[in-house]
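The residues making up each chain are set out below.
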Amino acid sequence: MPVKPLQRAESLSSQVYREVERLVMSGQLEPGSKVNEYILAEQLGVSRGPVREATRALVQAGLLVAVPARGVFVRELSETEISENYDVRALLTGLMCARAAERRTDSVIAELNHLIVEMEEAIGQRAILAYYKANLAFHGLIAQVADHACSSRIYDDLIRETHFLRRSLHAPAQTNEEHRDMVAAIAAGDVERARRLGEEHVFHGKRRWLSSLKEDAAETKTI
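Computed from a prediction, not measured in an experiment: that's the story for all the values here. (Residues numbered from 1 in each chain as written. Predicted model: local features only at pLDDT ≥ 70, side-chain atom pairs only at ≥ 80, totals over all residues. Heavy atoms only, no water.)

1. Quick notes on the environment of Ala137
On the secondary structure map, Ala137 appears in helix H6 (residues 128-146). The class of Ala137 is partly exposed, set by a relative accessible area of 34%. On a C-alpha basis, the gap between Ala137 and Glu111 in space is 9.9 Å, while along the polypeptide they are 26 residues apart. (Helix = DSSP H or I, 4+ residues; strand = E, 2+ residues; numbered from the N terminus. Buried < 20%, exposed > 50% of the residue type's maximum accessible area, 1.4 Å probe, protein only.)

2. Observations regarding the environment of Leu158
Note that Leu158 resides in helix H7 (residues 149-161). Accessibility expressed as a relative area gives 11% for Leu158, which makes it buried. For the pair Leu158 and Tyr86, spaced 72 residues apart in the sequence, the C-alpha separation amounts to 8.4 Å. Leave out the neighbours within four places in its chain, and Leu158 touches Asn85, Val88, Arg89 and Leu92. (Contact = heavy atoms within 4.5 Å.)

3. Digging into the pairing of strand E2 (residues 64-67)
As judged from the four bridges shared by E2 and strand E3 (residues 71-74), these two strands associate in the antiparallel manner. Across the sheet, the residue bridging to Leu64 is Val74, located in E3. Where E2 hands over to E3, the hairpin turn is made up of three residues, of which Ala69 adopts a positive phi near 70°. (Pairing = 2+ DSSP bridges.)

4. Let's talk about the sheet that holds E2
Strand order in this open sheet of three strands is E1-E3-E2, and the pairing throughout is antiparallel. The sheet is open, and its two borders are formed by strand E1 (34-35) and E2, each paired with just one other strand. Strand direction decides the pairing type here: E1 and E3, joined by two bridges, are antiparallel. Residue pairing across strands places Lys34 opposite Phe73, the latter belonging to E3.

As structure tokens, then:
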């Protein structure tokens, strides 16, 4: 499990927190996998204390889960939890797109279009992680422009919960075309269209996820 060397400029528990979060978000620690405090402490060159503090904080953040008598694991979501995550994230995305349409600037629109180009290039190269990074930046910029702290905080938590889903490419060309439509509505200052397209974008993602579940179930039956 590759890790980054830690610097001593901030608290060790904070550094361990960020490193474990990176490992989970990058997929190096997969859902359901155990976080071994001994191994992690040895790899990071710290005592178990900061590792324990960091994992407790990550449990509270919802990224990890503590199982009595078994240890700490990367959180796995049920299908119901994932479905509900999509529903709430759709409403928040619509809200943030609507507010972004009211607050957009030429420089923001230019940066959003630049990120769309980045995602297009990543799609062409089948570079999943590059696409995921640009996708996060795209939605993060919309949240920043929306300037709604409560929505952004909840949205970020929801994204962390479903990072493992968003790292896979389901109909990426269609997804990026939706991005273009969203930016066009934001650039035009069309608040209600931006809201609608933002919500639909996430609900389309939910439908693609549900479709992938059906495909996986069908493949399992044929094995």
